[in-house]
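As a plain string of letters, each chain reads:
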There are 2 protein chains.
Amino acid sequence: MPAPPEQFDAIAGTGSIMHKRLLCTPLFSVEHREFERSGHRPVILQVVVHPGAVVILPILADGRIVMIRNYRYTVERELWELPAGTLEPGETPLETGRRELEEETGYRAGVMTPLLEFYTSPGVLTERMHAFLATELTPVGQKLQDSERIQVELMEGEVVQGMLLRGDFMDGKTIAVLGLNFLRRAAETRNA
Amino acid sequence: MPAPPEQFDAIAGTGSIMHKRLLCTPLFSVEHREFERSGHRPVILQVVVHPGAVVILPILADGRIVMIRNYRYTVERELWELPAGTLEPGETPLETGRRELEEETGYRAGVMTPLLEFYTSPGVLTERMHAFLATELTPVGQKLQDSERIQVELMEGEVVQGMLLRGDFMDGKTIAVLGLNFLRRAAETRNA
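So, here is what we can say about the structure in this document. (Residues numbered from 1 in each chain as written. Chains lettered and ligands numbered in written order. Predicted model: local features only at pLDDT ≥ 70, side-chain atom pairs only at ≥ 80, totals over all residues. Heavy atoms only, no water.)

Focus: the overall build of chain A
Right, so step 1: Looking only at helices and strands, chain A has four helices and ten strands in total.
Right, so step 2: With the C-alpha coordinates aligned to their principal axes, the bounding extent of chain A is approximately 60 × 45 × 30 Å.
Right, so step 3: A burial count over chain A gives 57% of its 192 residues as buried.
Right, so step 4: When contacts within chain A are restricted to residue pairs at least 6 apart in sequence, long-range pairs at least 24 apart make up 56% of them.
Right, so step 5: Computing the positive centroid from 20 side-chain charges and the negative centroid from 27, chain A places the two 3 Å apart. (Helix = DSSP H or I, 4+ residues; strand = E, 2+ residues; numbered from the N terminus. Buried < 20%, exposed > 50% of the residue type's maximum accessible area, 1.4 Å probe, protein only. Contact = heavy atoms within 4.5 Å. Lys, Arg positive; Asp, Glu negative; His and termini not counted. Charge placed at Lys NZ, Arg CZ, Asp CG, Glu CD.)

Written out as structure tokens, the structure reads:
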């Protein structure tokens, strides 16, 4: 990957000249931030500050993928998703991933392998998503919170890929992680 | 795609029993919402309400992809991205896509083809992302806003796919749209 251009580097280290917390909720806060730039007006924006999250791609020994159907109150509909959850205070992404995989799907992972990291909506939200591949899975029982409405679905990889290609999935992190996983597998097959 | 389970359908139509706006900013608002569920405690959550956004995959006649390097104040770093932007009042996603493509990259699209739609972070944010493929591109000149720090990069498809596979991209929508595009092209090649 090419180095970032110099004029952006100079800004990147500056940080904001003013932070002000506007609102605090159990899951996120909102901050007003101002950034100085020489020769320009200051940049002023409101940012949703989020602790970060983890998404897990759990694959069983027979190749099936552990997916969930998750009712999302935020958008008032059910979405097909990979299991995921928010970092709790003091947790590493790996710990969050192991905990959420067990709680949401009832599977414990023998091996967790980092896949990629990305920002879910970097124009407005600081949320950084950490993706792991989970393998050597053992069933230990689902532990849902009272507010969670989640159904586990064990699905053949080919079925999942077909749904992805048709545009059936509407959760961004699920599309990103499944898409990259299938592309990497196809690249490995070509190179084998 | 299988039909959603009945117990979720019953909830999906209900809507929240209480909405209260906690904060309003130029780009988003924050609402407190409560949902009733028979036999359970009400579900209470805070939601970041967003007007929706558009991401564009612009492909030149020679196959090169028009990407941008975009300095994001929210996460205080530069990201490689596909051009994108937020719906303005009264705009359709198609209009937003054409406008943002011109403003950010300086290309006008002859053809815009819908690719997919998804939620960027449905646990916290209502943002729905509309993705379009833009082709038959004509250069008309970039029109950046004063706060935007964007550099256009014309990149070979193979280079972009290599960067994607290595995990070089950190913008969720860019990973989702590029991944699905490359997977669909690979599926078309196999079926041809």
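That shown, we press on.
Considerations on the packing of aromatic side chains
Right, so step 1: The final tally for this structure, using the stated rule, is four aromatic pairs over all chains.
Right, so step 2: A centroid spacing of 4.9 Å and a plane angle of 75° characterise the contact between A:Tyr71 and A:Tyr73, whose relative ring orientation is edge-to-face.
Right, so step 3: Take A:Tyr71: its relative accessible area is 4%, and that puts it in the buried class.
Right, so step 4: Judged by centre distance (4.9 Å) and plane angle (50°), the rings of A:Tyr73 and B:Phe35 are tilted. Here the residue A:Tyr73 occupies a position in the loop between strand 5 (65–72) and strand 6 (77–81), and B:Phe35 occupies one in strand 2 (residues 29–35), the pair thus bridging two chains.
Right, so step 5: Through successive ring pairs, a cluster of aromatic residues spans A:Phe35, B:Tyr71 and B:Tyr73. (Phe/Tyr/Trp six-rings, centres within 6.5 Å; stacked < 30°, edge-to-face > 60°.)

A closer look at the packing of helix 4 (residues 172–191) of chain A against helix 3 (residues 157–166) of chain B
Right, so step 1: Close contact between helix 4 of chain A and helix 3 of chain B brings their axes to 10 Å; oriented N to C, the two are set at 110°. One way to sum up the angle between helix 4 of chain A and helix 3 of chain B is to call them roughly perpendicular. Across the interface between the two elements, A:Leu180, A:Leu183, A:Arg184, A:Ala187 and A:Arg190 of helix 4 of chain A pack against B:Gln161, B:Leu164, B:Leu165 and B:Arg166 of helix 3 of chain B.
Right, so step 2: Tallied by class, the residues present in the contact of helix 4 of chain A with helix 3 of chain B amount to five nonpolar, one polar and three charged. (Axes fitted to C-alpha atoms, helices over the stretch in contact; angles between N-to-C directions. Parallel < 35°, antiparallel > 145°, perpendicular 65-115°, else oblique. Nonpolar A, V, L, I, M, F, W, Y, C, P; charged D, E, K, R; others polar.)

Brief notes about helix 2 (residues 93–105) of chain A
Each turn of an α-helix holds 3.6 residues, which means side chains three or four residues apart point in the same direction.
Residues and elements named next belong to chain A.
Right, so step 1: Compared with the 18 Å implied by 1.5 Å per residue over 13 residues, the 17 Å span of helix 2 between its first and last C-alpha is a close match.
Right, so step 2: Here helix 2 has its buried residues at Thr 96, Gly 97, Arg 99, Glu 100, Leu 101, Glu 102, Glu 103, Glu 104 and Thr 105.
Right, so step 3: Those residues of helix 2 that are buried are in contact with strand 4 (53–58), strand 5, strand 7 (84–86), strand 8 (107–119), strand 9 (128–139) and strand 10 (150–155).
Right, so step 4: Phi for Gly 106, located one or two positions after helix 2, is positive at around 80°. (Expected span 1.5 Å × (residues − 1).)

Describing the sheet that holds strand 6 (residues 77–81) of chain B
All names here are of chain B.
Right, so step 1: With antiparallel pairing, three strands are arranged side by side in an open sheet as 6-5-10. Looking at strand neighbours, the two that pair on one side only are strand 6 and strand 10 (150–155), the edges of this open sheet. The mean inter-strand angle of the sheet, taken between neighbouring strand axes irrespective of direction, is 25°.
Right, so step 2: The pairing of strand 5 (residues 65–72) with strand 10 spans six bridges and is antiparallel. By the bridge assignment, Met 67 is partnered in strand 10 with Glu 153.
Right, so step 3: Set on the sheet, helix 3 makes contact with strand 5, strand 6 and strand 10; between it and strand 10 the angle comes to about 110°. (Pairing = 2+ DSSP bridges.)

Here's the deal with the sheet that holds strand 8 of chain A
Within a beta sheet, neighbouring strands are joined by backbone hydrogen bonds and run either parallel or antiparallel to one another.
Residues and elements named next belong to chain A.
Right, so step 1: Judged by pairing direction, the sheet is mixed, and its four strands sit side by side in the order 7-4-9-8 without closing on themselves. At either end of the open sheet lies a strand with only one pairing partner, and these are strand 7 and strand 8. Ignoring strand direction, the axes of neighbouring strands in this sheet form an average angle of 25°.
Right, so step 2: As judged from the eleven bridges shared by strand 8 and strand 9, these two strands associate in the antiparallel manner. Considered in strand 9, the bridge of Thr 113 is made with Leu 133.
Right, so step 3: The sheet contacts of helix 4 involve strand 4, strand 7, strand 8 and strand 9, and relative to strand 8 the element is tilted by about 100°.

Points about the interface of chain A and chain B
Often the size quoted for an interface is simply the accessible area lost on bringing the parts together.
Right, so step 1: Across the contact, 79 residues belong to chain A and 79 residues belong to chain B.
Right, so step 2: Both sides together, the interface formed by chain A and chain B hides about 7,000 Å², and carbon and sulfur atoms give 64% of it.
Right, so step 3: The interface formed by chain A and chain B contains zero salt bridges.
Right, so step 4: On inspection of chain A and its partner chain B, the count reaches 15 residue pairs in polar contact (both at pLDDT 80 or more).
Right, so step 5: Take the side of chain A that touches chain B: its biggest share by element is ten residues, from helix 4 of chain A.
Right, so step 6: The class makeup of the residues in the side of chain A that touches chain B is 42 nonpolar, 18 polar and 19 charged. (Buried area = accessible area lost by both parts, 1.4 Å probe. Salt bridge = Lys/Arg side-chain N within 4 Å of Asp/Glu carboxyl O. Polar contact = N/O pair within 3.5 Å; in protein donor to acceptor, adjacent residues only side chain to side chain.)

Remarks on the nonpolar core
Right, so step 1: Within the largest apolar cluster, 54 residues are counted, with the highest numbers of intra-cluster contacts made by A:Leu178 and B:Leu178.
Right, so step 2: Beyond its immediate stretch of four places on either side in the chain, A:Leu178 contacts A:Leu57, A:Ile65, A:Met67, A:Leu82, A:Val160, A:Leu164 and A:Phe169. (Core = buried A, V, L, I, M, F, W, Y, C linked by side-chain atoms within 4.5 Å.)

Digging into the relation of the copies chain A and chain B
Right, so step 1: For the pair chain A and chain B, the best superposition has an RMSD of 0.0 Å and corresponds to a rotation of 180° with a translation of 0.0 Å parallel to the axis. Taken together, the rotation angle and the small translation identify this as a two-fold axis. Residue A:Ala176, judged by its C-alpha, is the member of chain A lying nearest the rotation axis, at 2.0 Å.
Right, so step 2: A shared binding surface is used by both copies, with 100% of the interface residues of chain A retained as interface residues in chain B. (Least-squares fit on C-alpha atoms with pLDDT ≥ 70 in both.)

Some details on the pattern of salt bridges
Right, so step 1: For the structure on display, the rule yields 30 salt bridges over all chains.
Right, so step 2: Measuring nitrogen to oxygen at the nearest pair gives 2.9 Å for the salt bridge that ties A:Lys173 to A:Asp171.
Right, so step 3: For A:Asp171, a relative accessible area of 0% translates into the label buried.
Right, so step 4: A salt bridge links B:Glu91 to B:Arg99; its shortest N-O distance comes to 2.5 Å.

Keep in mind that these numbers describe shape and distance, not what the molecule does.
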